[in-house]
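Examination of the molecular architecture
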Amino acid sequence: MATVELKNVKKIYEGGVLAVDNANITVNDKEFVVLVGPSGCGKSTTLRMIAGLEEITSGELYIDGKLMNDVAPKDRDIAMVFQNYALYPHMTVYENMAFGLKIRKFPKKEISDRVKEAARILDIEELLDRKPKALSGGQRQRVAVGRAIVRKPKVFLFDEPLSNLDAKLRVQMRAELSALHTRLQATMVYVTHDQVEAMTMGDRIVVLKDGYIQQIGSPLELYNRPVNRFVAGFIGSPPMNVLKATIKEDKGKLIADEGDFQITLTPKLADAVRSYAGKETLFGIRPEDLVVAEKAVEGETFNAKVEVVEPLGAEILMYVSTTQHPSIIVRTPPHFDFHVGDTVTLKCAMDKIHFFDLEAEKAVV
C-alpha cells in the first residue's frame, strides 16, 4: 500500500470560489483516515483531487512518494467507491467487478480468481450472476466495494458510500468496512458528513469547515480535546453544550458565572482561564458530563427545568433550560424518571469542562 500526502493544496473554482485552502494532510500506509464536515466544507473536493477527478489549483499531491498533480486518474493506482454505486445496469455483478480488470487486459484466469476472492470476502458469491436492479442497496454497495478490491490499488477512496442506505444497514456496513480495512491492511480515505461514522471508523479524523482544516487527530483526541468551538460542537452526538459565562473572582477563587448559576473552578481550570477574569467566555460541557445531583451544593450544582424527555432505551436524553439558555442537553441512565416541567439539580464533571475564547472561539482549556 502507500502513503498519501497533500502539501499546501488549494482548489479555486471558476469565479474565484474557494473550495479548499492550504490543506496539509498525511495519510500513512495502511491507515484509515476520515474527512468529515458539513455540506460544502471541501471534503469531497479534497477526495476528488486525490483521485484526479479535480485539478489542483496549487500545492502538491504525493502518492507513494510520487508527485501526482499531472498524473491521469487511471495511472494513480487508486480505486474509488461512489455514493451512488456507479454500477453498469446491463452487466451482471461478476461483469461489473471484472470490468476494470478486463479493460486493463488482465488474463481471464486472474480476473476470475480476483473476482471470486473479493466476492468471498464480501459474502456476495451467490449474487455474481445477478444484475444491479435485482440487488438491495446494501448488496449494490458491496458490489461497488468489490469492484474496488479486485483492482488491489495502493489507495482506496470512499465518497459517502453509506449515505443512501437505511439507518440499520448503515450501522452494519460501518462494521463491515472497518473489518475489511483490518483484513486488507489497506490505505483508505473516507468522506462522510456523519460524525458517528467518522468516530467509529477512522484511525484519524480530518475535520473541515468552509474549505479549511480545523483539526486532525484520533477520534478520542477530537472528542476530548477539541481545538475550537466548531470541532467541539461537530464531534459528538448529541453535541457539546456551549454556554456564555463570565469569569469572576470571589474571595481568591475564580467562578464561571452563567447568570443563573455559578460554578467554582478547580485550581487547574482557574490557572487556565485566569487571563479571562472579568471577561465573557464560552463554557462547554458534554451531555454525559452533566450529572443529576442528589442535593444542591453552592458553587457546584445548578437547577434547570425539564423541557423535553427522549427515552432511547439504553439512555435518556433530557433537554433542560435555564433563564439564559433554553436548550441544554443532559444524557442520563434509563432508570431516571423525570417529566416535562420538573426541576432537576445538575452537577458538572469538573475535569470535563471546556472553555473557549468568545471572539476567536479557540479552546482555552
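Presented here is a report on the structure given in the accompanying data block. (Residues numbered from 1 in each chain as written. Predicted model: local features only at pLDDT ≥ 70, side-chain atom pairs only at ≥ 80, totals over all residues. Heavy atoms only, no water.)

Topic: the packing of aromatic side chains
Taken as a whole and assessed by the stated rule, the structure comprises 8 aromatic pairs. Consider the rings of F32 and Y190, whose centres lie 5.7 Å apart with planes at 40°: the pair is tilted. Of the two residues, F32 sits in strand β3 (residues 32–36) while Y190 sits in strand β8 (residues 187–192), which places them 158 residues apart along the sequence. An identical accessibility class is assigned to F32 and Y190; each is buried. One aromatic cluster in this structure is built from F32, F156, F158 and Y190. Over the ring of Y276 we find K279; its NZ or CZ atom is 6.0 Å from the centre of that ring. (Phe/Tyr/Trp six-rings, centres within 6.5 Å; stacked < 30°, edge-to-face > 60°. Helix = DSSP H or I, 4+ residues; strand = E, 2+ residues; numbered from the N terminus. Buried < 20%, exposed > 50% of the residue type's maximum accessible area, 1.4 Å probe, protein only. Lys NZ or Arg CZ within 6 Å of the ring centre and 35° of its normal.)

A look at the side chain of K43
As for its position among the elements, K43 is in helix α1 (residues 43–51). Buried within the structure, K43 lacks any salt-bridge partner; its nearest side chain of opposite charge belongs to E160, at an N-O separation of 4.2 Å. At 3.0 Å, the side chain of K43 and the backbone oxygen of G37 are in polar contact. From its side chain, K43 meets the backbone oxygen of P38 in a polar contact 3.1 Å long. Setting aside chain neighbours within four positions, we find K43 in contact with L35, V36, G37, P38, E160, V191, T192, H193 and L208. (Lys, Arg positive; Asp, Glu negative; His and termini not counted. Salt bridge = Lys/Arg side-chain N within 4 Å of Asp/Glu carboxyl O. Polar contact = N/O pair within 3.5 Å; in protein donor to acceptor, adjacent residues only side chain to side chain. Contact = heavy atoms within 4.5 Å.)

Remarks on unusual backbone geometry
The residue after S237, namely P238, is reached through a cis peptide bond having omega 0°. Residue position: P238 is located in the loop between α8 (229–234) and β11 (241–250).

Topic: the pairing of strand β1 (residues 4–13)
Where β1 lies against strand β4 (residues 58–63), 5 bridges are found, and the strand directions are antiparallel. For L6, the partnering residue across the bridge sits in β4 and is L61. As paired elements, β1 and strand β2 (residues 17–27) share 7 bridges and run antiparallel to each other. Within the sheet, the bridge partner assigned to K11 lies in β2 and is V20. Between β1 and β2, which follow one another and run antiparallel, lie 3 residues, and G15 among them has a positive phi close to 90°. (Pairing = 2+ DSSP bridges.)

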